[in-house]
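Structural overview
If you want the building blocks of each chain, they are given just below.
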Amino acid sequence: MEYLEFELPIKELEEQLQKCQIIGEESDVDVTETCKQIEKKLEETKKDIYKNLSAWQRVQLSRHPDRPYTLDHIKALCGDSWLELHGDRSVKDDKAMIGGLGKIGDQSYMFIGQQKGYNTKTRQYRNFGMSNPEGYRKALRLMKSAEKFGIPVVTLIDTPGAYPGLEAEERGQGEAIARNILEMTRLKVPIITVIIGEGASGGALGIGVGDKVLMLENTWYSVISPESCSSILWRSWEYKEQAAEALKLTAKDMKRMKLVDKIVKEPLGGAHRDREKTFVAVRDAIVTAYDELKNLSPKELVKTRMAKYENMGVFKD
């Protein structure tokens, strides 16, 4: 288990508990009471740390290397029913954007999401979860296929942003994202969006237009990352914590501003601390959201979705 800087007090107590248990197993000394005291202190420390997390600390949790990624969620939700689909039928198959068909219970869904890597090799293979234009075009192709067969769409967002390389811009990165946003507003099947990690910039918005937008507790959603914001405003990354606070990017901020519909609670310490519990919470949230949408006609779906996004923000005539 990898610990973040603010989690070091938890690490120390867990190591103490482990040593105490080893002493009890390898000797005749009764350490039951000592172990109980350490366990009690550990639980109190966890509650104290995780109930007072800053915006920057939540950003750190969203990037935790042990946190479940899109494929982890899909395989847990769908099991053997998952069938991955590939390619945009134009350029290539973008490995940073995955998609395919799967079932939760008896209901089929089209799953689409960004996939990060687990080590240096797979991170390069997945382009660090940053999609090229062909990734967004693949996502749109799958959405249109889902619409054709009346299958609801579930998008899982976890990206530091769309790939900013010159070749991506040459192939129409901005147009691909804009096209997805336009087409998603008028897609005639339910769209459920779940932010499972980082939700940065247009890279997230390219698959982020949903009838129901759900956000895991320790994730963030913003037009720009705290580091990039800090480098623009202060010409340094040193102010990333201040930038995170100013951006109002946490799940609570998003819910308060009515930019997301529901916060999905995570296990104490984050999604990586209890993956199974996280998968169950996400599955239940998706099923509940679909139950609220499944009886709406295509016309009602589009009308409600358009009204939802038109009402966002503050403006003057």
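Residues numbered from 1 in each chain as written. Predicted model: local features only at pLDDT ≥ 70, side-chain atom pairs only at ≥ 80, totals over all residues. Heavy atoms only, no water.

1. A few points about the overall build of the protein chain
When its secondary structure is counted, the protein chain shows 14 helices and eight strands. In terms of overall dimensions, the protein chain is globule-like: its C-alpha atoms have a radius of gyration of 21 Å, near the 20 Å expected for 317 residues. Projected onto its principal axes, the C-alpha coordinates of the protein chain cover approximately 70 × 50 × 40 Å. Residue burial in the protein chain is summarised as follows: out of 317 residues, 49% are buried. Nonlocal contacts in the protein chain, meaning residues at least 24 apart in sequence, comprise 72% of its contacts between residues at least 6 apart. As displayed, the protein chain has an accessible area near 16300 Å², and 51% of this comes from carbon and sulfur atoms. For the protein chain, the distance from the average site of its 49 positive side-chain charges to the average site of its 49 negative ones is 6 Å. (Helix = DSSP H or I, 4+ residues; strand = E, 2+ residues; numbered from the N terminus. Rg over C-alpha atoms; globule rule 2.2 N^0.38 Å. Buried < 20%, exposed > 50% of the residue type's maximum accessible area, 1.4 Å probe, protein only. Contact = heavy atoms within 4.5 Å. Areas by Shrake-Rupley, 256 points an atom, 1.4 Å probe, with all protein chains shown as cover. Lys, Arg positive; Asp, Glu negative; His and termini not counted. Charge placed at Lys NZ, Arg CZ, Asp CG, Glu CD.)

2. A word on the nonpolar core
Among the nonpolar cores identified, the biggest contains 28 residues, and Ile 112, Met 143, Val 153, Ile 207 and Tyr 221 are the most heavily contacted of them. At the level of elements, β3 (107–114), α6 (133–148), β4 (153–159), α8 (173–185), β5 (191–200), β6 (212–216) and α12 (251–256) are the ones that each hand at least two residues to this core. It is α6 that provides the largest number of residues to this core, a total of five residues. Residues in contact with Val 153, not counting those within four places in the same chain, are Met 110, Ile 112, Met 143, Ala 146, Leu 187, Val 189, Pro 190, Ile 191 and Ile 192. Core analysis: the next-biggest nonpolar cluster, separate from the first, contains 24 residues, Leu 77, Ile 98, Tyr 109 and Leu 216 among them. (Core = buried A, V, L, I, M, F, W, Y, C linked by side-chain atoms within 4.5 Å.)

3. Here we look at the packing of aromatic side chains
Going through the model one piece at a time under the given rule, you end up with four aromatic pairs. Arranged with centres 5.3 Å apart and planes meeting at 45°, the rings of Tyr 69 and Tyr 118 form a pair that is tilted. Highlighted residues: Tyr 69 in the loop between α3 (55–62) and α4 (70–78) and Tyr 118 in the loop between β3 and α5 (120–125), separated in sequence by 49 residues. Look at Trp 234 and Tyr 239: their rings are 5.2 Å apart centre to centre, the planes differ by 25°, and that puts the pair in the stacked class. Look at Trp 234 and you get partly exposed, because its relative accessible area is 33%. With a relative accessible area of 32%, Tyr 239 lands in the partly exposed category. Among the aromatic residues, those joined into a cluster by ring pairs are Tyr 109, Phe 111 and Tyr 290. (Phe/Tyr/Trp six-rings, centres within 6.5 Å; stacked < 30°, edge-to-face > 60°.)

4. What about the side chain of Asp 94?
Within the secondary structure, Asp 94 is located in the loop between β1 (83–85) and β2 (97–104). We note that Asp 94 is buried and unpaired, the nearest opposite charge coming from Lys 138 at a distance of 6.3 Å. With residues up to four places along the chain from it excluded, the contact list for Asp 94 reads Ser 131, Asn 132, Glu 134, Gly 135 and Lys 138. (Salt bridge = Lys/Arg side-chain N within 4 Å of Asp/Glu carboxyl O.)

5. Observations concerning the pairing of β5
Of all 10 residues in β5, 10 are buried, a share of seventy percent or more. Direction of pairing for β4 relative to β5: parallel, over a ladder of six bridges. Following the sheet pairing, Thr 159 is matched in β5 by Gly 199. Direction of pairing for β5 relative to β6: parallel, over a ladder of four bridges. Residue pairing across strands places Ile 192 opposite Lys 212, the latter belonging to β6. With three bridges connecting them, β5 and strand β7 (residues 220–222) associate as parallel partners. By the bridge assignment for β7, Ala 200 is matched with Ser 222. (Pairing = 2+ DSSP bridges.)

6. Remarks on the environment of Ala 285
On the secondary structure map, Ala 285 appears in helix α13 (residues 275–293). The class for Ala 285 is buried, based on a relative accessible area of 3%. Sequence spacing of Ala 285 and Ile 151 is 134 residues, and the spatial spacing of their C-alpha atoms is 18 Å.

7. Here we look at unusual backbone geometry
Positive phi values are uncommon outside glycine, yet Arg 235 reaches one of about 60°. Its location among the elements puts Arg 235 in the loop between α10 (226–233) and α11 (240–247). Its relative accessible area of 69% is what places Arg 235 among the exposed residues. One non-glycine residue with positive phi stands out, namely Lys 248, at about 50°. Residue placement: Lys 248 occurs in the loop between α11 and α12.

8. Overview of the packing of helix α1 (residues 8–26) against helix α2 (residues 32–50)
Where α1 meets α2, the axes come as close as 10 Å, and the angle between the chain directions of the two elements is 165°. Between α1 and α2, the angle is such that the two are roughly antiparallel. The handedness of the crossing between α1 and α2 is left-handed. Two secondary-structure elements touch here, α1 through Pro 9, Ile 10, Leu 13, Glu 14, Gln 16, Leu 17, Cys 20 and Gln 21 and α2 through Thr 34, Cys 35, Ile 38, Glu 39, Lys 41, Leu 42, Thr 45, Lys 46, Ile 49 and Tyr 50. Within the contact of α1 with α2, the residues separate by chemical class into 10 nonpolar, four polar and four charged. (Axes fitted to C-alpha atoms, helices over the stretch in contact; angles between N-to-C directions. Parallel < 35°, antiparallel > 145°, perpendicular 65-115°, else oblique. Left-handed = near helix turned anticlockwise from the far one by under 90°. Nonpolar A, V, L, I, M, F, W, Y, C, P; charged D, E, K, R; others polar.)

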